[in-house]
Amino acid sequence: MGKGIEMDKEYLVLTYADYEGGIRDGKLLGLRCAACKKITCHPMPVCQWCSGRTLERTELSGEGELVTFTVIRIPSEGFEDDVPYIPCLVKTKEGPSVVGRLDYDTERATQELLGKQVKLSGAYTYKGDKFSGGPRTCPVFSLELSNG
Amino acid sequence: MRDVAIIGIGHTKFGRAAKTSIELFSEAALQAIDDAGVELKDIEALFQGAALPGFEEGQVMPAGFSAADLNLGPIPATRYEGACASASVAIRDAALWVGAGEYDMVLAGGTEKAVIMGVPFATRTFAMACHAPTEGPAGLTFPGVFAMAARLYARNYDLPLDALREKMASVSVKNHRHGALNPLAQFYNKMGDLKVEDVVNSKMVADPLTLLDCCPFSDGASTLVLCAAEDARKYTDEPVYILGTGQGSGGPLSKMEDLTKPDSRISSAKTAFERAGLSPKDIDILEVHDCFTIAELIALECMGFFEWGEAADATAEGQTELGGRIPVNMSGGLIGKGHPIGATGASQVYWIVKQMRGEAPKGNQINPFPEYGMTDTLGGDFGTLCHIILGRSKK
């Protein structure tokens, strides 16, 4: 039996605007699932692990492990001034992975960086173009000092 | 479901074209119509892959205009967009509709005209098939995504990155060798004697991928005539049957368990094998989506042709060459033949059919002619995957 539609229910507990705003405030925001207790980040309307529908906002530590990265030398239009730069994939301590940028010397960025501990250290905001739906922000990570 | 056959095939020259995207599609469609020996009035619907026509020529809804260009009348004509897998999902849906009995004969294929955009804007528009909110501001490009996958592949299998780069380069060497022999390829008569060191030492695009690890931007179209298998022999002595298809969807990179083992590709290939009642050992030839050298290795492992981590060595040893265990991309693949993204899936099917007819260019034709072949097409960063299994005989 269907339960009908609750007209005023907010289905999106954390939006991209909230997520990007959090990054600009130095926070990595996510969602905790009431069913499996796991963390979803970046935001989704349902739990990324179990599809659970009851989610509450939470803040992640911003700490994680560098899964992989690249150094972009031939960029998309609009990113010419950034070259070279390092997009990266980070697996957070809490479980989910996030895409962002790595703040690191591009000439010293070698395979040995994979698996290193990183921490949220800032925000990168792309000014946007005709197609991006406005400015967009992603997290910036730096190597933790304990890596030496 | 009825069985479905391919009775006609068409393929323009790949590279830089002066014709519009719709003219390219019409050229390939008329070739296919002539190849099949059917009339335009026999076509009941049109299924067209086209990834970025709005950015290339300011043209959305190209399928309707393609039907009009061919004077097909007010038949249903639909554009399919799955980034670089656009044509494959168009062909798959066309086969499902013919199989379901809704139509008896249709045109399916794809077209693209990307060169006009120039490298910076083309790179931008292709990157639109990445996840815009999260991968957009990170400045990811398609080479960037596969560069990240290459680094992870090296780490997963404890390979020094330089060793992996050389093995990846052997994909480019092989595919350019065959692309150079293919008169319809973008690099026909070019780079046929490329060396591993040429690839490794060419210009760095996204570390560790160089320019010669990447396929080019291309214009071109390829189109097929599909009909109900029960009618196929009325038109041709050499129908090729669509024995099974699969399609899979991925998501943002950050939601993937492992970039080198995309579920979308594993699931799509598995479905295609199940539908066809075949397994990798039955397949005689492959056209896989080598948008980047590392992508060919990942594809072969996900489809079950090699164990995890073994495709790199196998390729370097020549197991995917002519006469090897499983010849891969004897057309030149995307790297040697070119990659008009909306057309690529149809081109892959075209070259499997040519192999089955024994009409592939000298030096690319496998012998004996293949009984079963398979295509693998990838859209976005593993966002849309499609597989098509073809056979010279019905199941």
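Cut-offs and rules
- Residues numbered from 1 in each chain as written.
- Chains lettered and ligands numbered in written order.
- Predicted model: local features only at pLDDT ≥ 70, side-chain atom pairs only at ≥ 80, totals over all residues.
- Helix = DSSP H or I, 4+ residues; strand = E, 2+ residues; numbered from the N terminus.
- Buried ≥ 20, exposed ≤ 12 C-beta atoms within 10 Å, placed from the backbone.
- Contact = placed C-beta atoms within 7 Å.
- Rg over C-alpha atoms; globule rule 2.2 N^0.38 Å.
- Pairing = 2+ DSSP bridges.
- Axes fitted to C-alpha atoms, helices over the stretch in contact; angles between N-to-C directions.
- Core = buried A, V, L, I, M, F, W, Y, C linked by C-beta atoms within 7 Å.
- Nonpolar A, V, L, I, M, F, W, Y, C, P; charged D, E, K, R; others polar.
- Parallel < 35°, antiparallel > 145°, perpendicular 65-115°, else oblique.
- Left-handed = near helix turned anticlockwise from the far one by under 90°.
- Expected span 1.5 Å × (residues − 1).

Draft legend 1. How the structure looks around the overall build of chain A. If you tally the helices and strands in chain A, you get one helix and nine strands. When the helices and strands of chain A are read in sequence order from the N terminus, they spell out α-β-β-β-β-β-β-β-β-β. Relative to its full complement of 148 residues, chain A shows a buried share of 39%. Considering only residue pairs separated by 6 or more positions, chain A has 49% of its internal contacts joining residues 24 or more positions apart.

Draft legend 2. Spatial organisation of the overall build of chain B. If you tally the helices and strands in chain B, you get 15 helices and 11 strands. Radius of gyration (C-alpha) of chain B: 19 Å, near the 21 Å computed for a compact globule of 395 residues. Seen through its C-alpha atoms, chain B measures out along the principal axes to roughly 60 × 45 × 40 Å. The buried share among the 395 residues of chain B stands at 65%.

Draft legend 3. Looking closely at the sheet that holds strand E8 (residues 117–126) of chain A. All names here are of chain A. A barrel is described by the order of its strands in space; here five strands give the closed sequence E4-E6-E7-E9-E8, paired in mixed fashion. Strand-to-strand twist in this sheet, taken as the mean axis angle between neighbours without regard to direction, amounts to 50 degrees. Relative to E8, strand E4 (residues 63–69) runs antiparallel, the two being bridged by three bridges. What sits directly across from Gly64, in E8, is Val118. Against the sheet, helix H1 (residues 16–24) makes contact with E8 and strand E9 (136–143), and its axis sits at roughly 40 degrees relative to E9, the strand it touches most.

Draft legend 4. Representation of the sheet that holds strand E4 (residues 105–113) of chain B in the model. Residue and element names in this part refer to chain B. One open sheet accounts for nine strands, arranged E3-E2-E4-E7-E1-E8-E11-E10-E9; its pairing is mixed. The outermost strands of the open sheet, each flanked by one partner alone, are strand E3 (77–80) and strand E9 (285–287). The sheet shows a mean angle of 25 degrees between the axes of neighbouring strands, direction not considered. Two elements, strand E2 (residues 46–49) and E3, share four bridges in a ladder whose sense is parallel. What sits directly across from Gln48, in E3, is Arg79. Contacts from helix H15 (residues 344–357) reach strand E1 (4–11), E2, E4, strand E7 (219–228), strand E8 (240–249), E9, strand E10 (372–379) and strand E11 (384–391) within the one sheet, and its direction differs from that of E10 by about 165 degrees.

Draft legend 5. Quick look at the nonpolar core. All names here are of chain B. Formed by 176 residues in total, the largest nonpolar core has its most connected members in Ile91, Val106, Val225 and Leu226. In terms of residue count, helix H7 (residues 142–156) provides more of this core than any other element does, 10 residues in total. Once residues lying within four places of it in the same chain are set aside, the contact partners of Val106 are Ile43, Glu44, Ala45, Leu46, Phe47, Ala94, Trp97, Val98 and Leu226.

Draft legend 6. Fine view of the interface of chain A and chain B. Counting from both sides, the interface comprises 35 residues of chain A and, opposite them, 32 residues of chain B. At the level of elements, E4, strand E5 (71–72), strand E6 (87–92), strand E7 (97–102), E8 and E9 of chain A are the ones that each hand at least two residues to the side of chain A that touches chain B. When residues of the side of chain A that touches chain B are assigned to their parent elements, the largest contribution, five residues, is made by E7(A). For the side of chain A that touches chain B, the per-class residue count stands at 18 nonpolar, 12 polar and five charged. Bridging between E5(A) and strand E5 (residues 204–207) of chain B involves two bridges; their strand directions are antiparallel. Looking at the pairing, Ile72(A) lines up with Ala206(B) of E5(B).

Draft legend 7. Representation of unusual backbone geometry. Cis geometry is adopted by the peptide bond preceding His42(A), which originates at Cys41(A) and carries an omega value of -10 degrees. The omega torsion across Val83(A) and Pro84(A) is -10 degrees, close enough to zero to call that bond cis. Among the structural elements, Pro84(A) can be located in the loop between E5 and E6. Backbone geometry places Ser51(A), a non-glycine residue, at a positive phi of 65 degrees. Looking at the secondary structure, you find Ser51(A) in the loop between strand E2 (39–40) and strand E3 (55–60). Positive phi is not limited to glycine here, since Met61(B) has a value of about 55 degrees.

Draft legend 8. Highlighting the packing of H7(B) against helix H12 (residues 293–302) of chain B. Residue and element names in this part refer to chain B. As a packed pair, H7 and H12 sit with axes 9 Å apart at the nearest point and diverge in direction by 60 degrees. Between H7 and H12, the crossing angle belongs to the class labelled oblique. Seen along the crossing, H7 lies across H12 with a hand that is left-handed. Residues Phe146, Ala149, Ala150 and Tyr153 of H7 form the contact with H12, whose participating residues are Ile294, Ala295 and Ile298.

Draft legend 9. Layout of helix H4 (residues 86–100) of chain B. Residues and elements named next belong to chain B. In this model H4 runs 21 Å from its N-terminal to its C-terminal C-alpha over 15 residues, within 8% of the 21 Å that 1.5 Å per residue would give. Taking burial as the measure, the 15 residues of H4 include 11 buried ones, the bulk of the element. Taken together, the buried positions of H4 are Ser86, Ala87, Ser88, Val89, Ala90, Ile91, Arg92, Ala94, Ala95, Trp97 and Val98. One or two positions beyond H4, positive phi appears at Gly101, with a value near 95 degrees.

Draft legend 10. Spatial organisation of the pairing of E7(A). All names here are of chain A. By the criterion of burial, E7 is predominantly enclosed, with six of the six residues buried. Sheet analysis places E6 next to E7, joined by five bridges and oriented antiparallel. Looking at the pairing, Lys91 lines up with Ser97 of E7. The turn joining E6 and E7, which pair antiparallel and follow one another in sequence, is formed by four residues; a positive phi near 125 degrees is taken by Gly95. When E7 meets E9, the two strands line up parallel, connected through two bridges. If you follow Leu102 over to E9, its bridge partner there is Phe141.

Draft legend 11. Quick look at the packing of helix H8 (residues 161–179) of chain B against H12(B). All names here are of chain B. H12 packs onto H8 with a crossing angle of 95 degrees between their chain directions and a minimal axis gap of 8 Å. Relative to H12, the element H8 is oriented roughly perpendicular. Residues Met168, Ala169, Val171 and Ser172 of H8 touch H12, and the partners they reach there are Thr293, Ile294, Glu296 and Leu297. For the contact of H8 with H12, a count of residues per class yields five nonpolar, two polar and one charged.

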